[in-house]
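Summary of structural features
The residues making up each chain are set out below.
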Amino acid sequence: MSTLQDTGRWPAITTTLVVAFLLVLLPWRGGLLDVRPDFLLVVGLFWVLHSPERVGFALLFALGLLTDFLDGVVLGQHALAYVVGAYLVLQLRLRLLRFDPVRQAVQMLPVFLALQLVVFLVGWLVVRPPEGLMMFVPVILHALLWFGLAWWMLLGRPHRRAGRM
Amino acid sequence: MVVPGQLSYVRRLGATSRLALWSALAAAVIWMDVRVGALEGVRGALALAVSPVQHAMRVPADLAREIAGFLTRHHALQRERDALLAERARYRLVEQAADELSRENAELRALLRQAQRREIAALTAGRLFQGRDWFSQTLILDRGASAGVRAGMPVIDGEGLLGQITRVYATQSELTLVASAEQLTPVMNARTGQRGLAAGLGNGRMELRFMPSQSDVVEGDVLLTSGLDGIYPAGLPVATVTRIGRPSASPYLRIDCVPVAGIDRSRQVLVLQLPASREQP
């Protein structure tokens, strides 16, 4: 169980983030570089879980920009992924805090996978953009169609809608 | 005021609206960087701030290598030294012949009233850091604008062309490797003289594009820079042909190559300071 009322968290937060930063700056190369963990992301998300009143979207955004710069990629690529990560951890927060470390790790696995996909998607859109960004127009149309269907569903059952209000 | 047990973010905006806000900001940053190119100043400032730490973090790895090498590699070093001495003697001869030839060449060019070939200056740089980009392969070198590095300059190691400088900061610069995805290098087959275009595929491989299926290319052919683009000087080894495929659906051969330069081995590289270098289009 996390102890939110702790006020002396900043030293621990700063120290772990600095250590993560230094680890990233080691001269990784070759195969090791490919499998190097994203230390800043893991430590950042850990503090979002345990100290959400101090570490949140803003800090994770900044850490993401730092990673973008260090990797020499488009600025914003990791920033977006880290922000999504902070959101997912906040959504899963109550679940995660009840879990033991093993279950927490297993629960975080799909989160990290999702973040890697965000990084991949942004990089792909930037390096090899498909013909325009028209492929995202249908997404909005899907949402509109969904609205239409949901509305049509409500038409036949006015009583249920009234009951909800 | 932080109420124990109650999260402050609950009292402000909900997590979802904050996600939307920060995502929009991230998208704006991406757009600014890619389409407007307005964030190079930010990169420059970050480079200045981070570069001392990068230099410092290179020390542990170097130290470990030094210690490991000191104990185990004495014999290997002696052998390498003997080989290098022999090689130097051989190069002496070649150098004399080359001096003779360049003198002769200068006279001939003078006779033909052609412009003299210009000298190429070079400066050494060390690899400082390698970032992880899944879409292109880049290296950070420890020399920058203050040492005379400019965007577009070619970079070589002892074996061949490594790549091209793509970003320059005050004290460091970014090198995009020839095998980086979509990096194009005009080349010439050393055996036949046929010209072509080598393109990086990412993950350390390249392909030679647009060679008609009747072309004379065999496995093991060495590709040199052709010098046609005015960016790379002619005659630098770029890649070796490893496999040739003949797809029936295409009028061109599918030719796989690997770069010659030791991307993972070389620690010191040479940045060639060409007279009028341009960035790759």
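The model shown is predicted, which means the values in this text are computed figures rather than measured ones.

1. Description of the overall build of chain B
- When helices and strands are tallied, chain B shows four helices and 12 strands.
- When contacts within chain B are restricted to residue pairs at least 6 apart in sequence, those whose partners lie at least 24 apart make up 56%.
- With an accessible surface of roughly 16000 Å², chain B has 58% of that area assigned to carbon and sulfur atoms.

2. So, the overall build of chain A
- For chain A, the helix and strand inventory stands at nine helices and zero strands.
- Counting helices and strands in the order they occur from the N terminus, chain A gives α-α-α-α-α-α-α-α-α.
- Residue burial in chain A is summarised as follows: out of 165 residues, 42% are buried.
- Long-range contacts, defined as pairs at least 24 residues apart, comprise 59% of the intrachain contacts of chain A with a sequence gap of at least 6.
- Total accessible area computed for chain A in this model is approximately 9500 Å², and 73% of it derives from carbon and sulfur atoms.

3. Looking at the sheet that holds strand β9 (residues 222-225) of chain B
Residues and elements named next belong to chain B.
- Strand order in the closed barrel formed by six strands is β6-β7-β8-β11-β10-β9, with antiparallel pairing between adjacent strands. The average angle at which neighbouring strand axes cross in this sheet is 45°, direction not considered.
- By the bridge criterion, three bridges tie β9 to strand β10 (residues 237-245) in an arrangement that is antiparallel. In the strand pairing of β10, V222 is matched with T240.

4. Some thoughts on the nonpolar core
- In terms of nonpolar packing, the biggest core is built from 54 residues, with L40(A) and L70(A) touching the most fellow members.
- Tallying contributions element by element places helix α5 (residues 77-91) of chain A first for this core, with nine residues.

5. Focus: the sheet that holds strand β1 (residues 121-129) of chain B
All names here are of chain B.
- Pairing within the closed barrel is antiparallel, and its six strands lie in the order β1-β2-β5-β4-β3-β12. Direction aside, the axes of adjacent strands within the sheet are offset by 45° on average.
- Here β1 runs beside strand β12 (residues 268-273); their pairing, made up of six bridges, is antiparallel. Note that in β12 the partner of L123 across the bridge is V271.

6. Some points on the interface of chain A and chain B
- In this complex, chain A contributes 49 residues to the contact, which on the side of chain B involves 45 residues.
- Overall, the association of chain A and chain B removes approximately 4200 Å² of surface from exposure, summing both partners, and the carbon and sulfur fraction of that is 70%.
- Per-residue buried area on chain A facing chain B is highest for R29(A), F69(A) and L75(A); these three make up 17% of the total on that side.
- In this structure, the connection of chain A to chain B is made through zero salt bridges.
- Linking chain A with chain B are seven residue pairs in polar contact (both at pLDDT 80 or more).
- Contributions of two or more residues to the side of chain A that touches chain B are made by α1 (10-25), α2 (30-35), α4 (57-71), α5 and α7 (101-127) of chain A.
- Here the residues of the side of chain A that touches chain B are counted per class, giving 33 nonpolar, eight polar and eight charged.

7. So, the pattern of salt bridges
- Tallying each qualifying case throughout the model produces 16 salt bridges over all chains.
- Salt bridges sharing common partners tie together D33(B), E40(B), R43(B), R167(B) and E174(B).

8. Section: the environment of L85(B)
Residue and element names in this part refer to chain B.
- Tracing the backbone through its elements, the reader meets L85 in helix α4 (residues 74-112).
- Taking the relative accessible area as the measure of exposure, L85 reaches 39% and is therefore partly exposed.
- A C-alpha to C-alpha distance of 21 Å links L85 and G69, two positions 16 residues apart in sequence.

9. Considerations on the packing of α4(A) against α5(A)
Residue and element names in this part refer to chain A.
- Relative orientation of the contacting elements α4 and α5 amounts to 145°, with a least axis distance of 7 Å. Between α4 and α5 the crossing geometry is right-handed. Contacts from F57, L60, F61, L63, G64, L65, T67, D68 and D71 of α4 reach α5 at Q77, H78, A79, Y82, V83, A86, Y87 and L90.

10. Overview of the pairing of strand β5 (residues 173-177) of chain B
Residues and elements named next belong to chain B.
- Within β5, five of the five residues are buried, leaving the element largely enclosed by the surrounding structure.
- Every second residue of β5 is oriented toward a common face, with S173, L175 and L177 on one face and E174 and T176 on the other, all of them buried.
- Pairing geometry for strand β2 (residues 138-141) and β5, over four bridges, is antiparallel. Each residue of the ladder has a partner; that of L139, found in β5, is L175.
- Pairing geometry for strand β4 (residues 161-168) and β5, over five bridges, is antiparallel. Of the residues in β5, the one forming a bridge with Q164 is T176.
- Once β4 ends, the chain turns through four residues before running back antiparallel as β5.

11. As for the confidence of the model for chain A
- Averaged over chain A, the pLDDT score is 86; the fraction of residues at 70 or greater is 87%.
- Low pLDDT, under 50, characterises residues 161-165 of chain A; the predicted model gives this stretch one contact beyond four residues in sequence or across chains.

12. A word on the pairing of β9(B)
- Alignment of strand β6 (residues 184-189) of chain B against β9(B), held across three bridges, turns out to be antiparallel. Looking at β9(B), one finds that M188(B) is bridged to L224(B).

13. Some remarks on a nonpolar patch on the surface
- Taken together, the side chains of M134(A), M135(A), F136(A), V137(A), V139(A), I140(A), L141(A) and L144(A) present a nonpolar region at the surface, about 770 Å² in accessible area.
- Assignment of secondary structure puts V137(A) in helix α8 (residues 137-155).

14. Section: unusual backbone geometry
- Positive phi, normally seen in glycine, also occurs at F210(B), with a value near 60°.
- Take F210(B): its relative accessible area is 51%, and that puts it in the exposed class.

15. Observations concerning the side chain of S180(B)
- Along the polypeptide, S180(B) turns up in the loop between β5 and β6.
- At a separation of 3.1 Å, a polar atom in the side chain of S180(B) contacts the main-chain amide nitrogen of Q137(B).

The rules behind each value
- Numbering of residues starts from 1 in each chain and follows the order in which that chain's sequence is written.
- Chain labels run from A onward and ligand labels from 1 onward, assigned in the order the entries are written.
- Thresholds applied to this predicted model are a pLDDT of at least 70 for local features of residues and 80 or more for the giving and counting of side-chain atom pairs; totals over whole chains, interfaces and linings are not thresholded and use all residues.
- Values shown for side chains rest on all heavy atoms present in the structure; no hydrogens or waters enter the calculation.
- Segments assigned H or I by DSSP are reported as helices when at least four residues long, segments assigned E as strands when at least two residues long, and all are numbered from the N terminus.
- We call two residues in contact whenever any of their non-hydrogen atoms come within 4.5 Å of each other.
- A 1.4 Å probe and the Shrake-Rupley method give the accessible areas. Residues count as covered only by the protein chains that appear here.
- Type-normalised accessible area, obtained with a 1.4 Å probe on protein chains alone, sets the label of each residue: buried when under 20%, exposed when over 50%, and partly exposed for intermediate values.
- Any two strands are treated as partners once DSSP identifies two or more bridges connecting them.
- Simply put, an axis is a line fit to the C-alpha atoms, just over the touching stretch for a helix, and the angle between two N-to-C directions goes from 0 to 180 degrees.
- The definition of a nonpolar core used throughout is a set of buried Ala, Val, Leu, Ile, Met, Phe, Trp, Tyr and Cys residues joined through side-chain atoms within 4.5 Å.
- Summed over both partners, buried area is the accessible surface (1.4 Å probe) that two parts give up on being assembled.
- We define a salt bridge as a side-chain nitrogen of Lys or Arg found within 4 Å of a carboxyl oxygen belonging to Asp or Glu.
- Counting of polar contacts relies on pairs of N or O atoms within 3.5 Å, with two restrictions inside protein: one atom must be capable of donating a hydrogen and the other of accepting it, and residues adjacent in sequence are counted only when both atoms are side-chain atoms.
- Throughout this entry, Asp, Glu, Lys and Arg are counted as charged residues, while Ala, Val, Leu, Ile, Met, Phe, Trp, Tyr, Cys and Pro are counted as nonpolar. The remaining residues, Gly among them, count as polar.
- We call a crossing left-handed when the near helix sits turned anticlockwise from the far one by less than a right angle, and right-handed when that turn is clockwise.
- One confidence number per residue, pLDDT, is output by the predictor and ranges from 0 to 100.
- Each patch is built from residues lacking any salt bridge and having more than 30% relative accessible area; the joining distance is 9 Å for like charges and 5 Å for nonpolar side chains (Val, Leu, Ile, Met, Phe, Trp, Tyr).

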